[in-house]
Amino acid sequence: MKRLLGVALGILTAIGGFVDIGDLVTNAVVGSRFGLSLVWVVAVGVVGICLFANMSGRVAAVSGRATFEVIRERLGARAGLANLAASFLINLMTVTAEIGGIALSLQLASSVDYLLWIPVAAVAVWLVIWRVRFSIMENVTGLLGLTLVIFAVAVFLLKPDWGALAGQLAPTVPQQETFWSYSYYAIALFGAAMTPYEVFFFSSGAVEEKWSVKDLAQSRINVLVGFPLGGLLSVSIAVCAAIVLLPAGVSVTSLSQVVLPVAEGAGKLGLAFVLVGMVAATFGAALETTLSSGYTLAQFFGWSWGKFRRPAQAARFHLSMIVCLLVGMAVLATGVDPVLVTEYSVVFSAIALPLTYLPILIVANDPQYMGEHVNGRVVNVLGMVFLVIILVASIAAIPLMIVTGAGS
């Protein structure tokens, strides 16, 4: 049981990173428009995030310090500030979207307008961050989010034509779509898989849990269980949409349409599971991004930080998170679509990826911090390959957003 709960940090990071409000809708959109022709992007993203999250966790375990803190010290204030500016903006956008995602999920469960749930969601997130221990937070939220496995169960209950599904796996552009829209959603899925806050949260969580060199094996288990699991759930959402929504010509525009395949395949019980999972996943993502906002600010400016410290001992860390939640609530009060906010944040995250992952690769090869635990040759080769992919995605993101009208 202890070993099972030991992977909860990876589960929470993966659930929050792969299956938040934006991914729930984006994967359903992709499945309903492109079938399974973009599954390869999720696979590439899973390999990439496993590669860099493992580096990030190793840096934290060996040095005893969070990755962002080491980047600031190793590369200097200017490089750290560029990293901070990009990652913090994305974090803030995602915090806003996840609070809205909790509210939308609760609206589906209760039929109460989501705007009324927004302050409830924000207060609940803050109370958990303020009062609940890190280990309890990650275990409960991460494991409840596993109920989203109902999407994978629904795939089998829908009894699809497996041959036809396999035929959709070829990375080709469907006749009704353009190369540009296909490329735009490829970058969106890749950005969602490689979102910067995932590695910052993962490394900061390792410090929260006081990992050391003897925990390196546990770090790898977290990475190799948690992130592929998130990718599997992500693909399952797309598969469900490809089975039910694509043949019907349904264009996904809301969260309620995402759950239709589960309701059709697994009935009311399946619907209950998916609603619990959606609330847990969006809540976990809200916790993760809110904490990541506080982590990045505190680690850059040298403030005391961490849930292992009482709020009075890390006042600026906690105050920064309160401000982020208040800003998110204020934005949502204008009536902006939370799903749209997240979809934009995913694309903007692709732009910021080089600023995040190049410094991690540099630090993971620095013997001053890593000693004998620096990257091996194979890891460095893979890291360089992914940096090229990341750079291409970063350069292409904005032009494709303009050309496609954000994928519309």
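So, how was this worked out
Residues numbered from 1 in each chain as written. Predicted model: local features only at pLDDT ≥ 70, side-chain atom pairs only at ≥ 80, totals over all residues. Heavy atoms only, no water. UniProt positions renumbered as here; feature names shortened; annotations may be inferred. Helix = DSSP H or I, 4+ residues; strand = E, 2+ residues; numbered from the N terminus. Rg over C-alpha atoms; globule rule 2.2 N^0.38 Å. Buried < 20%, exposed > 50% of the residue type's maximum accessible area, 1.4 Å probe, protein only. Salt bridge = Lys/Arg side-chain N within 4 Å of Asp/Glu carboxyl O. pLDDT = per-residue confidence, 0-100. Contact = heavy atoms within 4.5 Å. Phe/Tyr/Trp six-rings, centres within 6.5 Å; stacked < 30°, edge-to-face > 60°. Lys NZ or Arg CZ within 6 Å of the ring centre and 35° of its normal. Core = buried A, V, L, I, M, F, W, Y, C linked by side-chain atoms within 4.5 Å. Patch = residues over 30% accessible without salt bridge, like charges linked within 9 Å, V, L, I, M, F, W, Y side chains within 5 Å. Areas by Shrake-Rupley, 256 points an atom, 1.4 Å probe, with all protein chains shown as cover.

The protein carries the name Mn2+/Fe2+ NRAMP family transporter in an unreviewed UniProt entry, which gives Pseudarthrobacter enclensis as its organism. As recorded by UniProt, the Subcellular location (unreviewed entry) comment attached to the protein reads in full: "Membrane".

Undergrad: Describe in detail the overall build of the protein, supporting the description with residues and values.
TA: Within the protein, the regular secondary structure consists of 19 helices and 0 strands. Its C-alpha atoms give the protein a radius of gyration of 20 Å, within 12% of the compact-globule value 22 Å for 408 residues. C-alpha extents for the protein along the principal axes are approximately 55 × 45 × 45 Å. For the protein, the proportion of its 408 residues judged to be buried stands at 58%.

Undergrad: Help me get a handle on the pattern of salt bridges, residues and values and all.
TA: Throughout the structure, instances matching the rule amount to 3 salt bridges. Put simply, Glu177 and Arg33 hold a salt bridge, and the shortest N to O gap is 2.8 Å. Of the two residues, Glu177 sits in the loop between helix H10 (162–167) and helix H11 (179–193) while Arg33 sits in helix H3 (residues 21–34), which places them 144 residues apart along the sequence. The residues Glu177 and Arg33 share a single accessibility class, namely buried. With a closest N to O distance of 2.5 Å, Arg74 and Asp366 form a salt bridge. Taken together, the residues span a long stretch of sequence, with Arg74 in helix H5 (residues 67–75) and Asp366 in the loop between helix H17 (338–363) and helix H18 (367–370) at a distance of 292 residues. Taking the relative accessible area as the measure of exposure, Arg74 reaches 34% and is therefore partly exposed. Since its relative accessible area comes to 9%, Asp366 is described here as buried.

Undergrad: Kindly report on the confidence of the model for the protein, identifying the contributing residues and their values.
TA: Model confidence for the protein is summarised by a mean pLDDT of 86, while 96% of its residues fall at 70 or above. Least confident of the elements in the protein is helix H1 (residues 2–6), whose mean pLDDT is 46; most confident is helix H16 (residues 315–333), at 94. Confidence drops under a pLDDT of 50 for residues 1–6, and excluding neighbours within four residues, the segment shows 5 contacts in the predicted structure.

Undergrad: Break down the packing of aromatic side chains for me, with residues and values.
TA: Tallied over the entire structure, the rule returns 14 aromatic pairs. Where Phe34 meets Tyr185, the ring centres are 5.6 Å apart and the plane angle is 55 degrees; that geometry is what we call tilted. Of this pair, Phe34 sits in helix H3 while Tyr185 sits in helix H11, placing them 151 residues apart in sequence. Each member of the pair, Phe34 as well as Tyr185, is classed as buried. Between the NZ or CZ atom of Arg72 and the centre of the ring of Phe300, over which it lies, the distance is 4.9 Å.

Undergrad: Pulling in residues and values, what's your account of the nonpolar core?
TA: For soluble globular proteins, nonpolar side chains are generally found buried alongside one another. Residues Phe52, Ile99 and Tyr357 are the most contacted members of the largest nonpolar core, which totals 127 residues. Per-element tally for this core: the top contributor is helix H15 (residues 260–301), with 14 residues. Sequence-distant contacts of Tyr357, that is, excluding residues within four places in its chain, are made with Ile49, Phe52, Met194, Thr195, Pro196, Val199, Leu387 and Ile390.

Undergrad: Tell me about a nonpolar patch on the surface, and please be specific about residues and values.
TA: Residues Ile136, Val140, Leu144 and Val276 make up a contiguous nonpolar surface patch of roughly 300 Å² in combined accessible area. Among the elements that take part in the nonpolar patch, helix H8 (residues 134–145) stands out by supplying 3 residues, more than any other. Topologically, Val276 is positioned in helix H15. For Val276, a relative accessible area of 40% gives the class partly exposed.

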